[in-house]
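# Structural overview
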Amino acid sequence: MIIGYAQLCAADVATWHAGATAWRRLAQQLDERLEEFDATAAGLRQDWRGTAADAASVAVADLRGLTAACRTPIEQTGRLLAEHADRVSAARQALLAARTPEQAAMAVAAARQSDERTATALTQLTASLSPPCPPNAGPVAVREWWRSLSKTQRDLLILSSPERIGRLDGVPAADRDRANRELLRHEQDRLTTLLDSLRADPNADRERDRVERTLAGLATLADRLARPGTYLLGLDTAGDGRAIVALGDPDHSANVLTYVPGMAVRLDGHLGTSLDRTAAMAEATAAADPAKSTAAVLWLGYDAPDNVLQAASASAAHDARAALHEFQDGLAATHEGEFGEQSVVGHSYGALVVGETVRDLGLRADDLVFLGAPGVGVEHAADLHVDPKTVWAASADNDIVGLSAPSVRQVLKELVWPRYMGDPMPDLWHGHNPADAGFGGHVFEAADNPNPISAHLAYWDRGNPALTNVGRIAAGQDTSVSAPPPKS
Amino acid sequence: MEFEVHIGRLGQWSDRLDDTGTALAQPKLVAAPAGWAAAAALSTWETALVGLLRAIGEQTVHTGDSVRACAAGYRSADRS
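Below is a summary of the structure that appears in this document. (Residues numbered from 1 in each chain as written. Chains lettered and ligands numbered in written order. Predicted model: local features only at pLDDT ≥ 70, side-chain atom pairs only at ≥ 80, totals over all residues. Heavy atoms only, no water.)

## A closer look at the overall build of chain B
The number of helices and strands found in chain B is 2 helices and 1 strand. Reading chain B from its N end, one meets helices and strands in the order β-α-α. Whereas a compact globule of 80 residues would reach a radius of gyration of roughly 12 Å, chain B reaches 19 Å, over 25% beyond that. Across its three principal axes, chain B shows a C-alpha extent of roughly 65 × 20 × 20 Å. (Helix = DSSP H or I, 4+ residues; strand = E, 2+ residues; numbered from the N terminus. Rg over C-alpha atoms; globule rule 2.2 N^0.38 Å.)

Put into structure tokens, the structure is as follows:
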């Protein structure tokens, strides 16, 4: 935008002055708010003592601090606009009084200069309170950007853009958690209001069901987040919903395990089952090495297939690769101190997500663990481009995933001749069975179960050697992992 | 830890927080004349600032709600 003669002649100086007055008035109003915060804080201190009172005092003090941080740039804006208005007014008068083209040009140049100067100053004010993250920044660049911000800038970003900060790999877990808890609260309010409106719409049954399911998932999350040491590292209520939850602080724990669940897992009232499995693996890891701290993360950061037909396609796993890759890099970027062991466990379709990510993008993990996998996108552990010694798999003999054969002939053979003569089926929907010795990784022991569906879901049951083994792998106790018993 | 509360007055402070938060969330400003680079920069700055004030305001109201919920909890505990 370049100011010309006509524009300067018609310049609305009064509106610039009115703007300056409005911003100065806003600064005065913020002074009043600050006084109100002070009065409220004093009142609360006088009328309430105890742990909850302390928490309320801290919250009010924080809000006062954030309000105060906004006040100074608001006052500066009023001053900038008043000065700009004065300069434009002077330039306009000079233009109207000009007797030569040079004098007119000087007047227009003065207006342009004021315009540019004011625009630059206002842009700096925006960046001072709401500093932008570098575009397309990876987790390390995000971490550096986040570290460069003041506490007030970080607090303002968490409060005003929780959906953006909460999902940003490279932001420390504690800050992501704060942002996502804000988001959780907003989403509960938003979806509750939405549900009320959908109840009155007879044509909105499907959307109403989805919102009800999501609200149940949010309630489950809120309940789990009340437990100490739980971090919400990601939340999205669109579609089937996504959630990333850490049990234990991943930035300060020595051993960090990431669990990628499989088919039909979504943000609904059943999310507690996936969280229970995550907790079981955290417990098993801590039991394997009690001297080291452990965090286990449920990574539902992708749109898992809803049914078997969808699970026969690798497209959901394809779509998940970049997010899982970045998430693991983010864990490493924000981790304080030495890692003990960083491991990723994929169950069922989640194993395919892990395999495809490792194969195509790489994945920051010392160990990969596949449980009840329908294949992991490769024919051999070496095709994952990692040391096959870091690849582990277990599949219960009767696990229904053993029926995910790529041909009808093979399914019939499996059904007619159960357990494929006692061995896991070697070829599955998404590649060679990683729990088959021919795959080239380690195969470890898992309890058998006569019910094929139960067998697929029982890896976290107490007493199942699979759970103990996952804990040992995640704790770096590789030599203690038990192999499957020899077939009789 | 020492615990003391004037339950009746907590309601008054939560109302104050409501009022403060509501006022914060509704800043009134004047649109700048179009066609100036400064106006465009001002609009971007205003959008960012209004978003921040709205977030602080909403959080203030939420804090008021939490104080109110504590008061209700104390009152109900007193009755039982």
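## Structural notes on the pairing of strand β5 (residues 294-300) of chain A
Residues and elements named next belong to chain A. Burial analysis of β5 places 7 of its 7 residues in the buried class, the great majority of the element. Across the two faces of β5 the burial is the same, with Thr294, Ala296, Leu298 and Leu300 and Ala295, Val297 and Trp299 all buried. With 5 bridges connecting them, strand β3 (residues 242-247) and β5 associate as antiparallel partners. Counted as the bridge partner of Ala243 is Leu300 from β5. Across 5 bridges, strand β4 (residues 255-260) lies against β5 in parallel orientation. Opposite Asn255, over in β5, you have Thr294 as the bridge partner. Handedness of the β-α-β unit built from β4, helix α10 (residues 271-288) and β5 comes out right-handed. (Buried < 20%, exposed > 50% of the residue type's maximum accessible area, 1.4 Å probe, protein only. Pairing = 2+ DSSP bridges. Right-handed = clockwise from strand over helix to strand, strands pointing away.)

## Points about the interface of chain B and chain A
Each partner contributes residues to the interface: chain B has 48 residues there, and chain A has 58 residues. For Arg9 of chain B, the salt bridge identified is with Asp47 of chain A, shortest N-O distance 2.9 Å. Counting only elements with at least two residues in the side of chain B that touches chain A, the list comes to β1 (4-5), α1 (7-24) and α2 (37-79) of chain B. With 24 residues, the top contributor of residues to the side of chain B that touches chain A is α2 of chain B. Its residues assigned to classes, the side of chain B that touches chain A comprises 32 nonpolar, 9 polar and 7 charged. (Contact = heavy atoms within 4.5 Å. Salt bridge = Lys/Arg side-chain N within 4 Å of Asp/Glu carboxyl O. Nonpolar A, V, L, I, M, F, W, Y, C, P; charged D, E, K, R; others polar.)

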